[in-house]
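Read off the chains here:
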Amino acid sequence: MPETTDKLVIAGREFDSRLMVGTGKYADFHEMVRAIEVSGAQIITVAVRRVNISDRSKESLLDHIDLKKYTLLPNTAGCYTAEDAIRTCRLAREAGLSDFVKLEVLGDERTLFPNNEELLKAAAVLIADGFTVLPYTSDDPIVCKKLEDLGCAAVMPLGAPIGSGLGIRNPYNIRIILETVKVPVIVDAGVGTASDAAIAMELGCHGVLMNTAIAGAKDPVAMAEAMKLAVQAGRLAYLAGRIPMKLHASASSPLAGLIA
Amino acid sequence: MNITTNGEAVSTEPVTVQEFLASVGIDPRRVAVELNLEILPKAQYQETLLKEGDSLEIVHFVGGGAPLG
């Protein structure tokens, strides 16, 4: 069965689930924990932020996450320079004792599109420093190839702007990226609903990462399940090999033996 | 004496980093600490004495994935 042998491999580590989820924007920890559980995700993204020294009453995220069950993927969300992103990654490694980082260096507050120049700079430094780097990038095959050549463990092109829910706006670029690089291609950002995730997987992507599409849904736990099923369905359809598209009909019932 | 913690001026006794974290109720296993912009490995919290004018950055993991998190 494809489900049992078909694993996602990132930097030599195997994962059964191809859906990665964020931990932001949930109403409360209880809802977050249930949504993550139902999604079946094994890799979850977290952000690195200052501890509030004057108010220690709030619960900590890690009080709610079973670290034996999940691989934490700290991100550098909110960083606009290579320097800030590198500093954040080093702090994340010290806090989490893992080398996995989701590297994002943003270029603009309105679009949250990546600043690829700073991204490449940061990736080079972090890889030399022993990090396993998963970069959030534009859906640009040339940038993705450069990231692979630097030694990134995967590339994570956006489907559409972060949090926009616009879906996979340029499936052709995603296909070219899949032809261009050998490392896993994970669509990160832009997914709005289950069909978007299925489309990413049907294109041949190795995984999908999302946060807002689940956390922002009216029923995040139900949407988490929908996304799990969509990623599985899309992957199976990709492996099964779809029929070519044709302009005209092609009868599926035999023409022989018609009564008239 | 005075130090800077996460960008704010804080007054403290000349204690170790370990003692300082305990005094503000922080579990050292759950955080990462920079002392004067250098990562301070956890193994050194106990032996590192804070000095006047030191700058501490104490971070932890919070919910995130979308950059506004």
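Residues numbered from 1 in each chain as written. Chains lettered and ligands numbered in written order. Predicted model: local features only at pLDDT ≥ 70, side-chain atom pairs only at ≥ 80, totals over all residues. Heavy atoms only, no water.

A. A look at the overall build of chain A. Helix and strand counts for chain A come out as nine helices and 10 strands. With the C-alpha coordinates aligned to their principal axes, the bounding extent of chain A is approximately 85 × 40 × 35 Å. Counting all 260 residues of chain A, 51% fall into the buried class. Just so you have it, chain A exposes about 12,700 Å², and 54% of that area is on carbon and sulfur atoms. (Helix = DSSP H or I, 4+ residues; strand = E, 2+ residues; numbered from the N terminus. Buried < 20%, exposed > 50% of the residue type's maximum accessible area, 1.4 Å probe, protein only. Areas by Shrake-Rupley, 256 points an atom, 1.4 Å probe, with all protein chains shown as cover.)

B. Structural context of the overall build of chain B. A count of helical and extended segments in chain B gives one helix and five strands. Each helix and strand of chain B, ordered N terminal to C terminal, gives the series β-β-α-β-β-β. When the backbone C-alpha atoms are referred to their principal axes, chain B occupies close to 40 × 25 × 20 Å. Looking at chain B residue by residue over its 69 residues, the buried ones come to 48%. Taking as baseline every contact in chain B between residues at least 6 positions apart, the subset at least 24 positions apart corresponds to 53%. For chain B, the exposed area adds up to about 3,500 Å²; of that, 50% sits on carbon and sulfur atoms. Within chain B, one finds 4 positive and 10 negative side-chain charges whose respective centroids are separated by 11 Å. (Contact = heavy atoms within 4.5 Å. Lys, Arg positive; Asp, Glu negative; His and termini not counted. Charge placed at Lys NZ, Arg CZ, Asp CG, Glu CD.)

C. The interface of chain A and chain B, seen in detail. Across the boundary between the two partners, chain A contributes 36 residues, which contact 29 residues of chain B. Carbon and sulfur atoms make up 63% of the surface buried where chain A meets chain B, a total of about 2,900 Å² over both sides. In terms of surface lost to chain B, no three residues of chain A exceed Arg50, Ile53 and Glu94 of chain A, which account for 23% of the buried area on that side. One can count four salt bridges joining chain A with chain B. Across the pair Glu57 of chain B and Arg87 of chain A runs a salt bridge, and its minimum N-O distance is 3.8 Å. Across the contact surface, chain A and chain B share 11 residue pairs in polar contact (both at pLDDT 80 or more). For the side of chain A that touches chain B, the secondary-structure elements that each account for two or more residues are β4 (43-50), β5 (71-74) and α3 (82-96) of chain A. Ranked by the residues each element gives to the side of chain A that touches chain B, the list is headed by α3 of chain A, at seven residues. The residue makeup of the side of chain A that touches chain B, split by class, is 16 nonpolar, 10 polar and 10 charged. (Buried area = accessible area lost by both parts, 1.4 Å probe. Salt bridge = Lys/Arg side-chain N within 4 Å of Asp/Glu carboxyl O. Polar contact = N/O pair within 3.5 Å; in protein donor to acceptor, adjacent residues only side chain to side chain. Nonpolar A, V, L, I, M, F, W, Y, C, P; charged D, E, K, R; others polar.)

D. How the structure looks around the nonpolar core. Residues Leu103, Met210, Ile214 and Met227 of chain A together with Phe61 of chain B are the most contacted members of the largest nonpolar core, which totals 69 residues. Broken down by element, the residue count for this core peaks at seven residues, all from α3 of chain A. If we skip the residues at most four places from it in the chain, Ile214 of chain A touches Val21, Tyr26, Ala35, Pro220, Met223, Ala224 and Met227 of chain A. Within the second largest apolar cluster, 18 residues are counted, among which are Val51 of chain A together with Val33, Leu40 and Leu56 of chain B. (Core = buried A, V, L, I, M, F, W, Y, C linked by side-chain atoms within 4.5 Å.)

E. Structural context of the environment of His60 of chain B. With respect to the element layout, His60 of chain B can be found in strand β5 (residues 55-63). A sequence separation of 47 residues divides His60 of chain B from Glu13 of chain B, and the C-alpha atoms of the two residues are 24 Å apart. Apart from the residues lying within four places of it in its own chain, the contact partners of His60 of chain B are Ala47, Val48, Arg49, Arg50 and Val51 of chain A together with Arg30 and Val31 of chain B.

F. Quick look at the pattern of salt bridges. A full pass over the atoms with the stated rule returns 18 salt bridges over all chains. Where Asp129 of chain A meets Arg90 of chain A, a salt bridge forms, and the shortest distance between an N and an O atom there is 2.8 Å. With a gap of 39 residues between them, Asp129 of chain A in the loop between α4 (116-128) and β7 (132-137) and Arg90 of chain A in helix α3 connect regions that are remote in the sequence. On the basis of relative accessible area, Asp129 of chain A is assigned to the partly exposed category, the value being 27%. Glu148 of chain A is the salt-bridge partner of Lys145 of chain A, the closest N and O atoms lying 3.8 Å from each other. Of this pair, Lys145 of chain A and Glu148 of chain A both sit in helix α5 (residues 141-150), separated by three residues, roughly a single helical turn. Overall, the relative accessible area of 31% leaves Lys145 of chain A in the partly exposed class. Linked through salt bridges whose partners overlap, the residues forming this network are Arg50 and Arg87 of chain A together with Glu34 and Glu57 of chain B.

G. Region of the structure containing the side chain of Thr76 of chain A. Structurally, the position occupied by Thr76 of chain A is in the loop between β5 and α3. Apart from the residues lying within four places of it in its own chain, the contact partners of Thr76 of chain A are Ala85, Thr88, Cys89, Lys102, Leu103 and Glu104 of chain A.

H. Spotlight on unusual backbone geometry. Within the chain, Ala11 of chain A stands out as a residue other than glycine whose phi angle is a positive 50°. Mapped onto the fold, Ala11 of chain A is located in the loop between β1 (8-10) and β2 (13-15). One non-glycine residue, Asn6 of chain B, lies in the positive phi region at around 50°. If you trace the backbone, Asn6 of chain B turns up in the loop between β1 (2-5) and β2 (8-11).

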